[in-house]
Every structure is written in structure tokens, then in C-alpha cells.
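What follows is the residue order along each chain.
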Amino acid sequence: MEIGQKEVFILDLICIEFFNKKVMKKVKIILVLTIVLAGYLIISCDTTTIQEIQPVVANPTYNTNIKPLMTAKCTSCHSTNGQYPALANYDQVVDATENGSLLCKIEDQCGEVMPPNGKMLQVFIDMINNWKTQGYAQ
């Protein structure tokens, strides 16, 4: 009878080992797939801000749209007593847009891009172009 018990015990061990190997293999496969998927999601994620997905302002005005943008992105350096061109008021922004220096710099078409921390979002550039095309509404 002891031989039978030993055989049953050995068969139990073999079954347990076989089961553990199959389970562990599945766990390893699931773990690898999870890591690959997580890596893909991290790498493929593209940061999108609300400004990037909002539509371009069709009829921008200086006071409502352009002035807040200039204040947020430009006037810390381009104030009346700051770097050229000054962009602190309506006439200065119109002048900089008309002579081409503002659009050239923010579109990164003439050397150093402005603002210096990186190109302005396209939605803002398009808004300034719309403002120019529509006659600089105040």
C-alpha cells in the first residue's frame, strides 16, 4: 500500500508542477503583454491641450483675443520699454504685424522663433492671421 501512496504522491507532485508551469507561463505572457501595452500607451500618448483642439477664432478682435494672447506670450519681454518690437498696445501690435516681424517670428520663418520657449500653437497663429486679414478689428 505504501508503494501506491508514493505513486499517488509522485503523480500529485507531477500534476502540481505541470499546473504551476502552465499557470506561470500564462502569468508571464500576460505580464509581458501588459508591459508592452503600457509602454505603447506611454510612448504613443500625445499631449493635447484645449487650445490645440479648439477651433480657430473666425472673427478675432484685439481686445477680446489678440491682447490677452500678447499679454500671455509676448509682453513680458516686448513691452514699451522692452525688446523690439514692442507689443504692449493695439498700434504696436498692428505695426509689428503689418511690417511682417510678428508673423515671421511666431511662424518660425525668419530665424529665431518667438516666443523663445517654443513655437506658438497653430490655432493662435491662425487667429492672428485672421485678425490681420479682416482688418485688425479692435
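Scope of this entry: the structure provided in the associated data block.

Reading the values: rules and limits
- Residues numbered from 1 in each chain as written.
- Predicted model: local features only at pLDDT ≥ 70, side-chain atom pairs only at ≥ 80, totals over all residues.
- Heavy atoms only, no water.
- Helix = DSSP H or I, 4+ residues; strand = E, 2+ residues; numbered from the N terminus.
- Buried < 20%, exposed > 50% of the residue type's maximum accessible area, 1.4 Å probe, protein only.
- Axes fitted to C-alpha atoms, helices over the stretch in contact; angles between N-to-C directions.
- Parallel < 35°, antiparallel > 145°, perpendicular 65-115°, else oblique.
- Left-handed = near helix turned anticlockwise from the far one by under 90°.
- Contact = heavy atoms within 4.5 Å.
- Nonpolar A, V, L, I, M, F, W, Y, C, P; charged D, E, K, R; others polar.
- Expected span 1.5 Å × (residues − 1).
- Core = buried A, V, L, I, M, F, W, Y, C linked by side-chain atoms within 4.5 Å.

**Concerning the overall build of the protein**
Line of reasoning, step 1. When helices and strands are tallied, the protein shows six helices and zero strands.
Line of reasoning, step 2. Counting from the amino terminus, helix and strand elements in the protein follow one another as α-α-α-α-α-α.
Line of reasoning, step 3. A buried classification covers 24% of the 138 residues belonging to the protein.

**Details of the packing of helix α3 (residues 62-73) against helix α6 (residues 122-133)**
Line of reasoning, step 1. It is at 11 Å that the axes of α3 and α6 come closest, and there the two elements cross at 135 degrees. With respect to α6, the element α3 is oriented oblique. For the pair α3 and α6, the sense of crossing is left-handed. The residues of α6 that touch α3, namely those facing Y62, N65, I66, L69 and M70, are F124, M127, I128 and W131.
Line of reasoning, step 2. Taken together, the residues of the contact of α3 with α6 sort by class into eight nonpolar, one polar and no charged.

**What to know about α6**
Line of reasoning, step 1. When the terminal C-alpha atoms of α6 are compared, their 16 Å separation across 12 residues agrees well with the 16 Å that a helix rising 1.5 Å per residue should span.
Line of reasoning, step 2. Among all positions of α6, only V123, F124, I125, M127, I128 and W131 are buried.
Line of reasoning, step 3. Within two residues after α6, G135 carries a phi angle of roughly 90 degrees, on the positive side.

**Some points on the nonpolar core**
Side chains of nonpolar character tend, in soluble globular proteins, to be buried together.
Line of reasoning, step 1. Membership of the largest hydrophobic core comes to 21 residues, with the highest contact counts inside it found for I66, M70, V93, L102, M120, I128 and W131.
Line of reasoning, step 2. Of all the secondary structure elements, the ones that give two or more residues to this core are α3, α4 (90-98), α5 (101-106) and α6.
Line of reasoning, step 3. Sorting elements by how many residues they give to this core places α6 first, with six residues.
Line of reasoning, step 4. Contacts of W131, omitting those with residues within four sequence positions, involve P60, T61, Y62, I66, Y90, V93, V94, T97, Y136 and A137.

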